[in-house]
Amino acid sequence: MSASVQQQRETCCINLFTDNASAEVFTCGASVHHYAVRQANGCVFKPFAEAKWLDKYRHLSRSDVPRHLQILGGEFACVPFGTTSLDTAHHGYCVDHDWHVTARTENAVTLEIKYPEHHVVRRLKRQITLDPKTDALDFTLEIKPRKDCQLPVGIHPIFKVANDMKIAPPFFEHGASAPWQIDGNDRRELSSGAKLNPQSHLWNNIGVACNELLQIWNVRSNIALHYPSEQTIVHLNWDQNDLPHCLFWLANPGLEQTGLGAGFTGLGIEPTHSFFDQNDQAGNHLALHQCEQNHFGVPLVADQIWTTSYQISCRQSGPSENFL
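Colleague: Could you clarify how one ought to interpret the overall build of the protein chain in this entry?
Modeller: The helix and strand tally for the protein chain stands at 3 helices and 24 strands. Counting over 324 residues, the protein chain shows a buried share of 57%. Surface exposure of the protein chain reaches about 13,400 Å², of which carbon and sulfur atoms provide 47%.

Encoded structure:
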């Protein structure tokens, strides 16, 4: 790699821990990585996907690739979510810049970031707690806007992919695959714009599926993932009134075009208030999403704080547990 595309910039790390769990919080993106839970059977389960190049570029970042791709994996918040005219960075200013720690204990940390003065967002605040009783990760996200706006917002956990994994689909009105090419090679399980329903075979075959970008609209329940070979169920719980849709990004593997290696493998399960990750394209696909154009984006009022909370937890499952 040419020295001209390297930057001597370290992404600092805050360690959270309880008796049976641990996690790392990076200042870049206030992203959570290496979440690990010791189960009752003594096995340690790690639910997040992590890029194999993560540690290298955390210590020596590149100037030609967005920082959130250099430390890809784990969980982070996206404000605004995806690509919009409100922010030139994909997933927003917050994912590629350092947050400041304002409070911390051995199992919790609070971070804040101020946006550039021209941005509709004034600042974000994020609290991350590793619950000492349940070993769950509890999150709170606050947005304080400068101006009235309708802003696409999302959270972005990326889970590891296993051949035998299953997803318990939530209740939702309808869904579809993205109406554009993904991951450069367009190697997809469904055709562009194909309809998705709760009976789709994809939920039971996610580990062997190809690259895909799917969205489900008007979600009415939470999501669980089952890893039978590791006897673990992961729960993602969030407030569907705040983030009513959910985007599924399957990279299996994907991101060949970034040039960071042989590709990244992971499953993003991303509660959002957005149209896929191209919110400005919503008006071009009204027939696909069957909603009014203003159905995508959180309505924010100048200098009034908008808050949402969510949780990621892991629990041991029985060998014959009926997951679905």
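Colleague: Would you mind showing me how to read the sheet that holds strand β4 (residues 32-38) here?
Modeller: Strand pairing in a sheet takes place through backbone hydrogen bonds and is either antiparallel or parallel in direction. The sheet built from 4 strands is open, its strands ordered β2-β3-β4-β5 with antiparallel pairing. Bordering the open sheet on either side are β2 (13-17) and β5 (44-45), each of which pairs with just one other strand.

Colleague: How should the pattern of salt bridges be read in this particular structure?
Modeller: Where charged atoms from two side chains of opposite charge approach closely, those side chains can pair. Scanning all chains against the criterion turns up 5 salt bridges. The partner of Asp-64 in a salt bridge is Arg-62, with the nearest N and O atoms 2.8 Å apart. Residue classification places Asp-64 among the partly exposed positions, given a relative accessible area of 43%. For Arg-67, the salt bridge identified is with Asp-98, shortest N-O distance 3.4 Å. With Arg-67 in helix α2 (residues 67-70) and Asp-98 in the loop between β7 (77-78) and β8 (100-104), the pair connects residues that are 31 residues apart, well separated along the chain.

Colleague: When you look at the pairing of strand β20 (residues 232-238) in this model, what are you seeing that I'm missing?
Modeller: When a strand is regular, its side chains alternate between the sheet's two faces. Burial within β20 is extensive, with 5 of its 7 residues counted as buried. Looking at chain direction, strand β19 (residues 223-227) and β20 are connected through 5 bridges and run antiparallel. Residue pairing for β20: Ile-223 is matched across the bridge by Leu-236.

Colleague: What is the right way to read the environment of Asp-303 from this model?
Modeller: Within the secondary structure layout, Asp-303 lies in the loop between β23 (298-300) and β24 (306-316). Separated by 159 residues in sequence, Asp-303 and Lys-144 have C-alpha atoms that sit 5.6 Å apart. Beyond its immediate sequence surroundings of up to four residues, Asp-303 is in contact with Arg-122, Lys-144 and Pro-145. Among the polar contacts made by the side chain of Asp-303, one reaches the side chain of Arg-122 at a distance of 3.0 Å.

Colleague: Help me out: how do you make sense of the sheet that holds β8 in this one?
Modeller: Read across the open sheet, the 8 strands follow the order β8-β9-β10-β11-β24-β20-β19-β15; overall the sheet is antiparallel. In this open sheet, the two edge strands, each paired with only one partner strand, are β8 and β15 (166-168). The sheet shows a mean angle of 15° between the axes of neighbouring strands, taken without regard to direction.

Colleague: Looking at this model, I keep getting lost on the nonpolar core. Mind explaining?
Modeller: One recurring pattern in soluble globular proteins: nonpolar side chains tend to sit buried together. If you look at the biggest cluster of nonpolar residues, it comprises 93 residues, and the most contacted ones within it are Val-79 and Phe-264. Top element by residues in this core is strand β21 (residues 245-254). It accounts for 6 residues. The residues touching Val-79, leaving out its near neighbours within four places in the chain, are Asp-87, His-91, Gly-92, Tyr-93, Cys-94, Tyr-115, Val-121, Leu-124, Leu-141, Ile-143, Leu-151 and Val-153.

Colleague: I'm lost on the packing of aromatic side chains in this one. Help?
Modeller: Aromatic ring pairs are reported here in terms of the distance separating the ring centres and the angle at which the planes meet. Overall, the coordinates contain 10 aromatic pairs when judged by the stated rule. Measuring from ring centre to ring centre gives 5.8 Å for Phe-48 and Phe-159, while their planes differ by 45°; the resulting arrangement is tilted. Note that Phe-48 is positioned in the loop between β5 and α1 (54-59) and Phe-159 in strand β14 (residues 158-159), a separation of 111 residues in sequence. Given the relative accessible area of 7%, Phe-48 is considered buried. Here Trp-217 and Phe-276 contribute two aromatic rings whose centre-to-centre distance is 5.8 Å and whose plane-to-plane angle is 80°, an arrangement assigned as edge-to-face. With Trp-217 in strand β18 (residues 212-217) and Phe-276 in the loop between β22 (264-273) and α3 (286-289), this pair connects stretches of sequence that are 59 residues apart. For the pair formed by Trp-217 and Phe-276, the shared burial category is buried. Taken together, the ring pairs in this structure connect Trp-217, Phe-275, Phe-276 and Phe-296 into an aromatic cluster. In this structure, Arg-58 is placed above the aromatic ring of Phe-26, and the distance from its NZ or CZ to the ring centre is 5.1 Å. Positioned above the aromatic ring of Tyr-227 is the side chain of Lys-160, whose terminal nitrogen or guanidinium carbon lies 5.9 Å from the ring centre.

Calculation rules
- Residues numbered from 1 in each chain as written.
- Predicted model: local features only at pLDDT ≥ 70, side-chain atom pairs only at ≥ 80, totals over all residues.
- Heavy atoms only, no water.
- Helix = DSSP H or I, 4+ residues; strand = E, 2+ residues; numbered from the N terminus.
- Buried < 20%, exposed > 50% of the residue type's maximum accessible area, 1.4 Å probe, protein only.
- Areas by Shrake-Rupley, 256 points an atom, 1.4 Å probe, with all protein chains shown as cover.
- Pairing = 2+ DSSP bridges.
- Salt bridge = Lys/Arg side-chain N within 4 Å of Asp/Glu carboxyl O.
- Contact = heavy atoms within 4.5 Å.
- Polar contact = N/O pair within 3.5 Å; in protein donor to acceptor, adjacent residues only side chain to side chain.
- Axes fitted to C-alpha atoms, helices over the stretch in contact; angles between N-to-C directions.
- Core = buried A, V, L, I, M, F, W, Y, C linked by side-chain atoms within 4.5 Å.
- Phe/Tyr/Trp six-rings, centres within 6.5 Å; stacked < 30°, edge-to-face > 60°.
- Lys NZ or Arg CZ within 6 Å of the ring centre and 35° of its normal.

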